[in-house]
Amino acid sequence: MPLYEGIGAITDKLVVVIDIGAAYTKLGFSGEFSPRCIIRSEVKCKDTGRVRNIRDYENAQDLYDLLVDFVHMLYFKYALLSPKDRPVVIIESLLCPTIFRETLAKVLFCHYEVSMMLVLPSHLVCLAPLAVDTALVLDVGYTEAIAIPVCHGLPVIHAWQALPIASQAVHGNLKTLLTACNTGINSISEWTIEDIKVRCCFVTTQKRAQEFSKATPEITTCLEVKYPLEGSRTLTIPGKVRETVYEIFFEEDNDHQCMSTMILDAILKVNVDLRIKLSENIVIMGGTAMTPGFKNRLKDELYKQLKSDRYSKLKITKFKFHSPPSKDNYTAWLGGAIYGCTELLSMKGLSRENYLKENRLPDWANMKDNLRTL
Amino acid sequence: MSYIIGSDVVRYACTCGILKPISKLYFCRHCLEVRCGFCVCHEVDSHFCGKCAENLPSSEARLKKNRCGNCYDCPSCHQQLTTRAATVGPKNPEDPKATPRKVFYLLCLLCRWSSRDVGIPDQSAVSGGWPERENIHANRLQEIQDMYKGIVLLDKQQKLEKDKKKQRRYMSFTDRTGITASMLRKRVGLPDIPHPLLKPKPKEPEPAVAKEDVEELPEELLTKPVNLCEVTTMEQRLVQPEWQPITVEKLFPIHKQLSVKRSQRCRSCEHNVSKPEYNPNSIKFKIQLFACFHIPEVRIVTVEPLRAGKTCELLLKFSNPTQHQTVITFLPVTLEMEETKISEQVTEDKSVVDDYLLEKKQPLSLTGTGSQPSSLLHASLSRQPSITVKPRPIAVPVVADITIPTSTFILPPRDDAAEYDDSGDTHNIQDDSKLVIWRKSNKAVVKLQVTPKEDLKIGDEVVAGFTMQHIYVNTITTVDNKEPQKCEHKVKVFVTLGNLVGSE
Ligand SMILES: [Zn+2]
Ligand SMILES: [Zn+2]
Ligand SMILES: [Zn+2]
Ligand SMILES: [Zn+2]
């Protein structure tokens, strides 16, 4: 590694930054302000021609093979760079399964022989583009919504909240709602459902949602959309479905939990003197957060919850939200790209030599100390 | 020609344990081993634009963010955009001398999207000078990035300082508490004293300020009908990650992404097994150690109906692709990779990387592969030695036994001229007539006995395997070996014979 770096010019500071999300992967280079590409986290199986999401693995070996194909595509189709002897920054969710992170490290170090790997927790690095060190971070992605308070550059892990209310849940709900007025919904691919969701649906206002929940709503819904499917088929997307498909985010489940309570519960678990600071520094990221009306509605829901007895002891009067200099779906990536061009890579990155010597990946819980100076 | 259209009824086992048709395998002449796309090291060789076929040096490609400066893709359907010319009237219609001007715009011939649709002004030159968009946050992000660089650098320097102090057995307050002086100062509200040896700290941008207001729900979503043609799809958004336009009038031409030519390198000996020519217009290779040029090819001619426990006849055709005569010997197949030299080296402890080992780059034990060319020695200065993958067990259910013939047979060298010679073969080869039933130039058909296992059910796929040993003539000349070296190479071949049929 030092020898190679010394020869220089070939490698200088070309650091690939990868954020492998459940639905989409963000890939780019450190020091740049947007990812080069945002692609689906899936690979086409060469033998069967079947497209598989890399999280749908059967076992470690299967995942290894999926990741080998996936990383190959990332480097040779998008980054256009040889991975060997080059550093890489990986953005990782705090809830990333151990098998996934360990297999990914094995693929990068052993199969692609990267020289150095720096793993950064997404909830922490997303604050870098804002230059703040204390915030409540809500990440609404594909499989789950996760809220974690970050205080003085340290994620307060014991306060984390997660619920399976994110993109995937909306897709399921959309399918159910559409079945009532259309036929053959089950045969529609997940990506078409996503397209319908993205182009037709939105998060309605609190007032309208309350009206809808009544037995006889006294409002007119927004207009229905005729969505053309392949060939001559047309789907009818009723106005009510367009408005209310996201309601599952704000309906309390059996444990009385929903998107808004997650944030408040996370704040509750933090020291009293930090609570106001957190409520006035809310960062929302993840592709689902880009839905029209989502942030507005979440704000209203937060104020509504605040009035309930559950949160009376919070003593919060207002919420403030950050708007990062990025699209919500790559805020964490951008943070990683900023960290990636600092010396942190050489200071805290895991080198291939050490990985092969120690045969293990530092647990991210150990990394919190590593990152505390920022 | 079945392998060309991808049917893989005859598969060879790569050294790494993966089964592939011969068309997808490499043969490293230096290690004398089969390699495949999975177990070689891929490298980016050269960047080029797939539309204008311009070759870009990798430094330039990096500067241009891996995109062609002249070619554009359609933001709507992602096909290539064409530059179209239009004539506009003279600026001053009164002036009879004024000639009409030519202007250019971009048009997609597939979906008819045009740069005029989104109000991009027409250009007066063919090559464009099309407007580029800037990230509106770039300045602030640059400041933030510089700040982070500064903080981390400071931290690094302080750590080095601390390490020095430690060596002097000097204890400071910060050492005991474990937080850096700079953090401590910040906490108690003292200004940070810049270290005399450090450059003055860059001006720190203010932290972002959160607001009570958030994006409202656009009112028109509730009242106006949605025209799906005006709302972008997910693909259209994500192909421009920086902007992710929601409506079609915000689409913008996309610089075409470059493609790369790749070379493949054997991970054991660091020699290339495939290297394309640099010129993007050329489809030729500088190095092409494809297995189908070195290893006899096996094809299934015919097989009798397969019945459980019944022996049936299998005809296989062998052809020799090399310029040297070879002798084929059949050996039984074992599914475990008998790489004893590897298993000896691997330690027993259960670790994440026990499947891998760092190959010691010493001259290989195989004869004829001695010293390396000087170009490689040079390359090894910048390359770290590769990690070699420990082979995985072959994952194929072999459910039929092939009776291994005791006799061997000869395959003459390939002679392209003989293909057109109908005058009959003049070969003088003494064949075991029970084994070889037909031969012509470099090809021979052999008859084997195959017995599907007793416990198979009707409809089950029948796979059989054997090890093919052939004489390989290594023509690589080295300093110590001027003469071509003959050696025996073994490769496991698996044939998928079809499905089991009923008993009579
Ligand atoms: Zn080799
Ligand atoms: Zn292989
Ligand atoms: Zn071009
Ligand atoms: Zn088009």
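Just so we're clear, the structure is a prediction, and the values are computed from it rather than from any experiment. (Residues numbered from 1 in each chain as written. Chains lettered and ligands numbered in written order. Predicted model: local features only at pLDDT ≥ 70, side-chain atom pairs only at ≥ 80, totals over all residues. Heavy atoms only, no water.)

1. Here's the deal with the interface of chain B and chain A
The cut-off we apply is this: A contact between two residues is defined here by any heavy atoms of the two lying within 4.5 Å. What gets called buried area is simply the loss in accessible area from a 1.4 Å probe that two parts show on being joined, summed for both. Salt bridges are counted wherever a side-chain nitrogen of Lys or Arg sits within 4 Å of a carboxyl oxygen of Asp or Glu. Polar contacts, as counted here, are pairs of nitrogen or oxygen atoms within 3.5 Å of one another; within protein the pair requires one atom able to donate a hydrogen and one able to accept it, and residues that are adjacent in sequence qualify only if both atoms are side-chain atoms.
Facing 82 residues of chain B, the contacting portion of chain A comprises 100 residues. Between chain B and chain A lies a buried interface of about 7,600 Å² when both sides are counted; carbon and sulfur atoms form 60% of it. Counting across the interface, chain B meets chain A through 5 salt bridges. Where Arg392 of chain B meets Asp65 of chain A, a salt bridge forms, and the shortest distance between an N and an O atom there is 2.9 Å. For the pair chain B and chain A, the interface holds 23 residue pairs in polar contact (both at pLDDT 80 or more).

2. Looking at the coordination of the zinc ion (ligand 4)
All names here are of chain B. Put simply, the rule reads: Coordinating donors are taken to be N, O and S atoms lying within 2.8 Å of the metal, or within 3.2 Å when the metal is Na, K or Ca; because water is excluded from the atom set, some sites may appear incomplete. Working rule for geometry: tetrahedral if four donors all subtend angles between 85 and 135 degrees; square planar for four, octahedral for six, if opposite donors exceed 155 degrees and the others stay between 65 and 115; irregular in every other situation. Elements are defined by DSSP. Helices are runs of H or I of four residues or more, strands are runs of E of two residues or more, and each kind is numbered from the N terminus. Only protein chains enter the accessibility calculation, which uses a 1.4 Å probe; a residue is then buried when its area is under 20% of its type maximum, exposed when over 50%, and partly exposed in between.
Here the zinc ion (ligand 4) is held by the protein donor atoms Cys74 (SG), Cys77 (SG), Cys108 (SG) and Cys111 (SG), which lie 2.2 to 2.3 Å from it. Note that the zinc ion (ligand 4) binds 4 donor atoms; their angles at the metal cover 103 to 114°, and the shape is tetrahedral. Every donor residue of the zinc ion (ligand 4) comes from the same chain, spaced as C-x2-C-x30-C-x2-C. Placement of Cys74 in the loop between β7 (67-73) and β8 (81-88) and of Cys108 in strand β9 (residues 101-108) is noted, with a sequence separation of 34 residues between them. Its relative accessible area of 0% is what places Cys74 among the buried residues.

3. Observations regarding empty space enclosed by the protein
Residue and element names in this part refer to chain B. Condition: With a 1 Å grid spanning the protein atoms alone, the term cavity applies to any set of points in which a 1.4 Å probe fits but cannot get out, the term pocket to an open set with protein on both sides within 12 Å along at least five of seven lines, and the term lining residue to any residue with an atom within 4 Å of a point. Grid points are joined across faces, edges and corners, and a volume is the space filled by probe spheres set on the points. Gly is put with the polar residues, along with every residue not named as nonpolar or charged; the nonpolar set is Ala, Val, Leu, Ile, Met, Phe, Trp, Tyr, Cys and Pro, and the charged set is Asp, Glu, Lys and Arg.
A full pass over the atoms with the stated rule returns 3 cavities of 30 Å³ or more. Put simply, the largest cavity is a space of about 70 Å³. For the lining of the largest cavity, the per-class residue count stands at 4 nonpolar, 2 polar and 2 charged. Taken as a whole, the second largest cavity holds about 40 Å³ of empty space. The element best represented in the lining of the second largest cavity is strand β23 (residues 461-474), accounting for 4 residues. By residue class, the composition of the lining of the second largest cavity is 4 nonpolar, 5 polar and no charged.

4. So, the domain arrangement of chain A
Residues and elements named next belong to chain A. Definition in use: Each domain's extent was defined by an automatic or database domain assignment.
Each domain of chain A was delimited in the assignment, giving domain 1 (2-126 + 329-373), domain 2 (132-165 + 255-324) and domain 3 (167-249). Facing the 16 residues of domain 1 at the interface are 20 residues of domain 2. The contact between domain 1 and domain 2 buries some 1,500 Å² in all, and 80% of this surface belongs to carbon and sulfur atoms. Our enumeration of links across domain 1 and domain 2 arrives at 0 salt bridges. Connecting domain 1 to domain 2 are 1 residue pair in polar contact (both at pLDDT 80 or more). Looking at the side of domain 1 that touches domain 2, the elements with two or more residues in it are α4 (122-125), α12 (331-340) and α15 (364-370). If you tally residues by element for the side of domain 1 that touches domain 2, the top one is α4, at 3 residues.

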